[in-house]
Amino acid sequence: MQILDGVLVSGAIKEALKMEVAQLITNGKKVPHLAAVLVGNNGASETYVASKVKSCAEIGYKSTLVRLDATISENKLLGVIEELNADMDIDGILVQLPLPKHISDEKVINAIDPSKDVDGFHPISVGRMVLGAPGFIPATPHGIMLLLEHYKIDTRGMHAVVVGRSNIVGRPMSILLSSNSNPGNCTVTICHSHTKNLREICLQADLLVAALGKPEFVKADMVKEGAIIIDVGITRVVDTSKKSGFALKGDVDFASVSPKSSYITPVPRGVGPMTIAALMKNTFKACMDKN
Ligand code: GUN
């Protein structure tokens, strides 16, 4: 069993970007600038956005954090997006999800200028991804592909099973793994809450991506010997022994599953840091595409 170390790989990606930024500065060019919009004060979202802003600083990007009250109207939020679209200095815009219930994710995502859509959630970005055309790939699936690439894992011909069909992870992941690329070229099954015989399907997986958001859902009896396990889950569960009062749990029962796996991502320090590295790559691309 080998750990797929998201901290190590994301660190290397961020280091390479830092050198690119230093080169931009030497050449008197503009540095990438990411705008992050955070609505309300969901604890997990606060942590994710803080990590994104911190990574920008480490690499040498500019960042702007736009904090908005949970009660902001949809129209006001759309107005904020319009301002960020029009701001020539800003290369990338992300709106942290989930949004409060009275705001439509779809309307907000559709309002982002596709050339600044570093989350890759805009229909134009999704369309390009499905067609295999250049564009922004959603950060979590992109980060997972970068991780597989770093460890030179040849997934060609594998049966990949993706559990979870969110627009953020499961669906784009299924597209990337089935695309004619490397890594990619898998036969993909996508499972969800209505899937029958989920355990039997998971047992067929050479590569299993767990992205359903249920802590420790995938147990050893659902996993084939030698499978590659990608754990996207990151749920806060109460843990009074921790200073924060919670522990982070993946969707995979790491203790029982890891001995059966060939490669596995831990939680934390697996997919999470790769998501941020992929976002940083997308932001760099947004800045370069403009010039
Ligand atoms: N919420 C959970 N994951 C993500 C992500 O990758 N981007 C944004 N904007 N929100 C998220």
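Our subject is the structure listed above.
Residues numbered from 1 in each chain as written. Predicted model: local features only at pLDDT ≥ 70, side-chain atom pairs only at ≥ 80, totals over all residues. Heavy atoms only, no water.

Caption draft 1: A look at the overall build of the protein. When helices and strands are tallied, the protein shows 10 helices and 11 strands. Whereas a compact globule of 291 residues would reach a radius of gyration of roughly 19 Å, the protein reaches 19 Å, a difference of no more than 12%. With the C-alpha coordinates aligned to their principal axes, the bounding extent of the protein is approximately 50 × 40 × 40 Å. Within the span of the protein, comprising 291 residues, buried residues form 48% of the whole. Across the protein, contacts joining residues at least 24 apart in sequence account for 70% of those joining residues at least 6 apart. Looking at the protein as shown, the accessible area adds up to about 13700 Å², and 55% of this sits on carbon and sulfur atoms. Positive and negative side-chain charges in the protein, numbering 31 and 29 respectively, have mean positions lying 2 Å apart. (Helix = DSSP H or I, 4+ residues; strand = E, 2+ residues; numbered from the N terminus. Rg over C-alpha atoms; globule rule 2.2 N^0.38 Å. Buried < 20%, exposed > 50% of the residue type's maximum accessible area, 1.4 Å probe, protein only. Contact = heavy atoms within 4.5 Å. Areas by Shrake-Rupley, 256 points an atom, 1.4 Å probe, with all protein chains shown as cover. Lys, Arg positive; Asp, Glu negative; His and termini not counted. Charge placed at Lys NZ, Arg CZ, Asp CG, Glu CD.)

Caption draft 2: Representation of the packing of aromatic side chains. Evaluation of the coordinates by the stated rule reveals 0 aromatic pairs. Its end group placed over the ring of Phe136, Lys285 keeps NZ or CZ at 5.5 Å from the ring centre. (Phe/Tyr/Trp six-rings, centres within 6.5 Å; stacked < 30°, edge-to-face > 60°. Lys NZ or Arg CZ within 6 Å of the ring centre and 35° of its normal.)

Caption draft 3: Looking closely at the sheet that holds strand S5 (residues 159-163). Across the sheet, 6 strands lie side by side as S1-S11-S8-S7-S5-S6; this open sheet has parallel pairing. If you trace the sheet from one side to the other, it starts and ends with strand S1 (2-3) and strand S6 (187-191), each paired once. Sheet topology places strand S7 (residues 207-210) next to strand S8 (residues 228-231); 4 bridges connect them, and they run parallel. Of the residues in S8, the one forming a bridge with Ala210 is Asp231. (Pairing = 2+ DSSP bridges.)

Caption draft 4: Layout of the environment of Pro266. Along the chain, the position of Pro266 falls in the loop between strand S11 (263-264) and helix H10 (271-290). When the C-alpha atoms of Pro266 and Asp231 are compared, they prove to be 7.1 Å apart, with 35 residues separating the residues in sequence. Every residue in contact with Pro266, bar those within four places of it in the chain, is listed here: Ile3, Leu4, Phe254 and Val271.

Caption draft 5: Spatial organisation of the environment of Asn182. For Asn182, the location among the structural elements is in the loop between helix H7 (170-178) and S6. Spatially, the C-alpha atom of Asn182 lies 9.2 Å from that of Leu148, the residues being 34 residues apart in sequence.

Caption draft 6: Spotlight on the side chain of Asp251. Among the secondary structure elements, Asp251 is positioned in the loop between strand S10 (246-249) and helix H9 (254-257). There is no salt bridge for the buried Asp251, and the closest opposite charge comes from Lys214, which lies 9.5 Å off by N-O distance. Look past the residues within four positions of Asp251 in its chain and what remains in contact with it is Ala210, Ala211, Leu212, Gly213, Lys214, Pro215, Glu216, Phe217, Val218, Asp231 and Gly233. (Salt bridge = Lys/Arg side-chain N within 4 Å of Asp/Glu carboxyl O.)

Caption draft 7: How the structure looks around the pattern of salt bridges. This structure, assessed with the given rule, holds 15 salt bridges. Two residues, Asp89 and Lys30, come together in a salt bridge whose shortest N-O distance is 3.8 Å. Of this pair, Asp89 sits in the loop between helix H3 (74-86) and strand S4 (92-95) while Lys30 is found in the loop between helix H1 (6-26) and strand S2 (33-39), placing the two residues 59 residues apart along the sequence. On the basis of relative accessible area, Asp89 is assigned to the partly exposed category, the value being 26%. Assessed through its relative accessible area of 25%, Lys30 is described here as partly exposed.

Caption draft 8: Layout of the site of the ligand. Around the ligand, the surrounding shell consists of Lys52, Val95, Gln96, Leu97, Asp119, Phe121 and Ile168. At 2.8 Å, a backbone N or O of Val95 approaches a nitrogen atom of the ligand. In the environment of the ligand, a nitrogen atom lies 3.4 Å from a nitrogen or oxygen atom belonging to the side chain of Gln96. In a pocket analysis with a 2 Å cut-off to the grid points, the ligand is assigned to the largest pocket. (Near = heavy atom within 4 Å. Polar contact = N/O pair within 3.5 Å; in protein donor to acceptor, adjacent residues only side chain to side chain. 1 Å grid on protein atoms, 1.4 Å probe; cavity = no way out; pocket = protein on both sides within 12 Å on 5 of 7 lines; lining within 4 Å. Sits in = over half its atoms within 2 Å of the grid points.)

Caption draft 9: Structural detail: H1. The terminal C-alpha atoms of H1 lie 30 Å apart, and with 21 residues this matches the ideal 30 Å at 1.5 Å per residue to within 8%. For H1, the complete set of buried residues consists of Gly6, Val9, Ser10, Ile13, Lys14, Leu17, Val21 and Leu24. Projection of H1 onto a plane perpendicular to its axis shows the buried side chains occupying an angular sector of 125°, all on one side. Within H1, the exposed residues directed more than 90 degrees away from the buried face are Leu8, Met19 and Thr26. In the core, the buried residues of H1 are packed alongside helix H2 (43-59), helix H6 (139-150) and H10. Two to three positions downstream of the cap, the backbone nitrogen of Val7 sits 3.0 Å from a side-chain oxygen, assigning the N-cap of H1 to Asp5. Positioned one or two residues after H1, Gly28 has a phi angle of 70°, which is positive. (Expected span 1.5 Å × (residues − 1). Arc of directions from axis to C-beta.)

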